[in-house]
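Structural overview for review
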Amino acid sequence: PEHIRKHWIASFCKELLILLKMETFLVEDPDPNEPIIPVTVKFRVKLGSDGTIDKLKSRVCLRGDKQGELVDWDTWCPIAGFRALRIFLAFASERKCRVYQLDFIGAFLQAHARNKTYTTLPIEWVQFFPDLAKWFGKSLRLLKSLYGAVDAGRNWDDELDSWLQAAPQNFSRCPAEGSIYLKFVGDHFIFLLNAVDDLLYFSNHQSTRDNFETTLKARFDVDFIGQAHWYLQSRVTQNADFSIGLDQARYSSLILSRFLPSQSLTSISDEDRVRYNAPLPADYVATKEECSGDSMEVLRLESEFGFKYSSVIGMLIYLLNTAFLLQFAIRKLAKFMAIPGRKHFEAASHLLRYLRCNYTTLGLKYYPSLTVSPLYLLIKPLDSCPNNIADFPLIIFTDSSWQDCPDTSRSTGSYLIYLNGGLIDGASFVPSPVALSSAESEYNAAAHGVTGALHSRQLYQTLRGVDPDTPLTMPMFIDSQSAIVMSGNSRDTRQTRHIQRRYHYVRHTVANGDALPCKIPGKVNPADAGTKNLTASILSVHQPVMHVDVLP
């Protein structure tokens, strides 16, 4: 319709005029062996954090399917992911700093092309720009990094990185996480977290932040958004006490509206809350024996249940960036994405309905100190808890379920890593070896937990301005006394030689003071949620130390 079409045309015209204003193209004939890569236009409705339309966005891009093997450049560059975001927010809360956000306008167009690339603009576009006819239907050399180019991200990263690390900016790129930059000037500091064209930053001094904004504005075309509230498609909530919330409630509602379109999110019956009070049915066991016989049977099940199994699981996997309570359920269902059977479809349907009843209870929260978090109330009364537990910022929980896989007899392991009581990392996984005892199974899970935590420790120490390998003891809560004994006992037998390398690694970690094994009862171990199909009553014990309620 014309009243809609005119807005999209206006958006498209704005995009092309920006490209020409930024001097993106140069009319130039390529060498005979130089390919000319055509462009395409991508149209997208961008939404605000509240779900309302922010703007209609048109983007002229190089066609990726036409680049293929034409280039062999090194195109990798680090960008912010959720693990970096979680640690970044947790550290900002610890330092009692407000987190701010900025957006680079047309970021890739602010970076010079470092490789020779040719393109052309369709002659049909001249109808929108009759005064600019010389640019259409001609071979054009890219002077700037056009979106869609395989090297665009790397070009922009090189441009921004070289400016940040040069004088007088003098930022350092974090060696443990390349998306984070840091700068210390005496007692003042400023930290940056970059995801392509969206950047978060915080400082403990107003003049340091003001100076950064002024110098950045003089070099780049940038829009300062104010305090951060929306990043990586997740909501950031900054509270008066400097605690910070992070949730994917809007993404959760998107999943539900797509796969349960007839189910309301505002009127949930008590019957549904009771029926779907756990992520999986109580008697569900993940096994390949329940898989479909062929792809035709999968198609019939998709028609019957009203959703594509792989699409549901694929979207739920991204939700795991904040919904750690669903780790076990989603990881188990993900094993059968190739040819899922009826039992798997039923379990996925149950999980969607559980999410419908609980999608606002799966947020994360980061605290200024451990003592004001629910985690402190859980571990402080434990006999094994160190008296000075508040002096340990990083805490690990690990658990394992011995030989719970009916197909392979392998165990399911899990670990959770907290920073000042806020959950920053975690996983549910199936280690490769088949454990010969429950103690060995628990020990394998502990090995994975320590491995993951050492990276978090390196990043945390770097943010504190010290060498990333500076010692920092991390209490590691395990619900197996045998596994704890193994970590401090170098005695081996013929039955344990096959895991000698794991013993060796964890024992040295404990001996070096990097980890401090502590006993925790299994019924209150939050890592238990990543290894078993738990009932609602047990989940209610773990949920308060993993998640908080958020606004819908």
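A few points on the structure. Throughout this document, residue positions are counted from 1 along each chain, in the order its sequence is written. Residues qualify for local features only when their pLDDT is at least 70, as the model is predicted, and side-chain atom pairs are given and counted only at 80 or more; totals for whole chains, interfaces and linings, by contrast, use all residues. As a rule here, side-chain values cover all heavy atoms of the structure and leave hydrogens and water aside.

Each helix is a run of H or I in the DSSP string that is no shorter than four residues. Each strand is a run of E no shorter than two, and both are numbered from the N terminus. Of note, M337 is situated in the loop between α9 (327–334) and α10 (342–358). Taking the C-alpha atoms as reference points, M337 and V548, 211 residues apart in sequence, are found 30 Å from one another. The criterion used for residue contact is that any of the two residues' heavy atoms lie within 4.5 Å. Not counting chain neighbours up to four residues away, the residues in contact with M337 comprise Y309, S310, I313 and G314.

With that settled, consider helix α4 (residues 206–219). Each α-helix winds once per 3.6 residues, and so residues spaced three or four apart point in a common direction. By definition here, a helix of n residues has an expected span of 1.5 Å times n minus one. Between its first and last C-alpha atoms α4 spans 20 Å; for 14 residues at 1.5 Å apiece the expected length is 20 Å, and the two agree. Per-residue accessibility, obtained with a 1.4 Å probe over protein chains only, is compared with the maximum for each type, and a residue is labelled buried under 20%, exposed over 50%, and partly exposed between these values. All of the buried residues along α4 are T208, R209, F212, E213 and L216. Down the axis of α4, the buried set is contained in an arc of 130°. They therefore lie on one face. Of the exposed residues in α4, those oriented more than 90 degrees away from the buried face are T214 and A218. For α4, the secondary structure elements touched by its buried residues are β4 (100–104), α3 (152–165), β9 (188–195), β10 (198–203) and β11 (222–227). When we speak of the arc, we mean the arc of directions from the helix axis to the C-beta atoms.

So, on to the environment of G48. Note that G48 resides in the loop between β2 (36–47) and β3 (53–62). On a C-alpha basis, the gap between G48 and Q233 in space is 9.7 Å, while along the polypeptide they are 185 residues apart. Other than its neighbours up to four places away in sequence, G48 contacts D54 and R250.

Side chains on a regular strand alternate between the two faces of the sheet. Counting buried positions over the 5 residues of strand β19 (residues 474–478) gives 5, a clear majority of the element. Burial along β19 is two-sided: the face carrying M474, M476 and I478 and the face carrying P475 and F477 are both buried. When DSSP finds at least two bridges between two strands, those strands are taken to pair. Sheet topology places strand β16 (residues 394–401) next to β19; 3 bridges connect them, and they run parallel. The residue of β19 that forms the bridge with T398 is I478.

Salt bridges are defined by distance alone: a side-chain nitrogen of Lys or Arg within 4 Å of a carboxyl oxygen of Asp or Glu. Considering all chains together, one arrives at 21 salt bridges under this definition. When the shortest N-O distance is used, the salt bridge between R59 and E15 registers 4.0 Å. Here the residue R59 occupies a position in strand β3, and E15 occupies one in helix α1 (residues 2–21), the gap between them amounting to 44 residues. Taken individually, R59 and E15 each receive the classification buried, so the pair is uniform in this respect. Ionic pairing is found between E28 and R141, a salt bridge with its closest N-O pair at 3.7 Å.

With that settled, the discussion passes to the sheet that holds β9. With antiparallel pairing, 6 strands are arranged side by side in an open sheet as β7-β8-β9-β10-β4-β11. Each edge of the sheet is formed by a strand with only one pairing partner; in this case those strands are β7 (172–173) and β11. Bridge count between strand β8 (residues 180–185) and β9: 6 bridges; the pairing is antiparallel. Of the residues in β9, the one forming a bridge with K183 is I190. To define axes, lines are fitted to C-alpha atoms, for helices over the stretch in contact only, and angles between the resulting N-to-C directions are given on a 0 to 180 degree scale. Where helix α12 (residues 438–463) meets the sheet, its contacts fall on β8 and β9, and the angle it forms with β8 comes to roughly 35°.

A word on the layout of surface pockets. Within this model, the largest pocket holds a volume of roughly 1600 Å³. Per-element tally for the lining of the largest pocket: the top contributor is α1, with 7 residues. Of the grid points, spaced at 1 Å and generated over the protein atoms alone, those admitting a 1.4 Å probe that cannot get out make up cavities, while open sets with protein on both sides within 12 Å along at least five of seven lines make up pockets; any residue with an atom within 4 Å of a point is treated as lining. Grid points are joined across faces, edges and corners, and a volume is the space filled by probe spheres set on the points. The calculated volume of the second largest pocket comes to roughly 230 Å³. The wall of the second largest pocket is formed by 13 residues, among which P281, Y284, K343, E346 and A347 lie closest to the centre. Of all the elements, α10 adds the most residues to the lining of the second largest pocket, at 6 residues. Grouping the amino acids of the lining of the second largest pocket by side-chain chemistry returns 5 nonpolar, 2 polar and 6 charged. Throughout this entry, Asp, Glu, Lys and Arg are counted as charged residues, while Ala, Val, Leu, Ile, Met, Phe, Trp, Tyr, Cys and Pro are counted as nonpolar. The remaining residues, Gly among them, count as polar.

Two elements, β7 and β8, share 2 bridges in a ladder whose sense is antiparallel. Its bridge partner lying in β8, R173 is registered against Y181. Between the end of β7 and the start of β8, which pair antiparallel, lie 6 residues. Where β8 folds back on β9, the antiparallel hairpin that results is connected by 2 residues, among which G186 adopts a positive phi of roughly 65°.

A word on a nonpolar patch on the surface. Together, V45, L47 and I53 give the surface a local cluster of nonpolar side chains, amounting to about 250 Å² of exposed area. Mapped onto the elements, V45 comes out in strand β2. Surface patches are defined over residues having more than 30% relative accessible area and no salt bridge, joining like charges when they lie within 9 Å and nonpolar side chains (Val, Leu, Ile, Met, Phe, Trp, Tyr) when within 5 Å. Reported accessibility uses the Shrake-Rupley method at a 1.4 Å probe radius. Residues are deemed covered only where the shown protein chains occlude them.

What follows deals with the sheet that holds strand β6 (residues 139–142). If you walk across this open sheet you meet the 5 strands as β1-β6-β5-β2-β3, and the pairing is mixed. With one partner strand each, in any of the chains shown, β1 (25–27) and β3 form the two edges of the open sheet. Averaged over neighbouring strand pairs, the angle between their axes works out to 40° when direction is ignored. Two elements, β2 and β3, share 9 bridges in a ladder whose sense is antiparallel. Looking at the pairing, F43 lines up with S58 of β3. This element, α1, spans β1, β2 and β3 of the sheet and lies at about 50° to β3.

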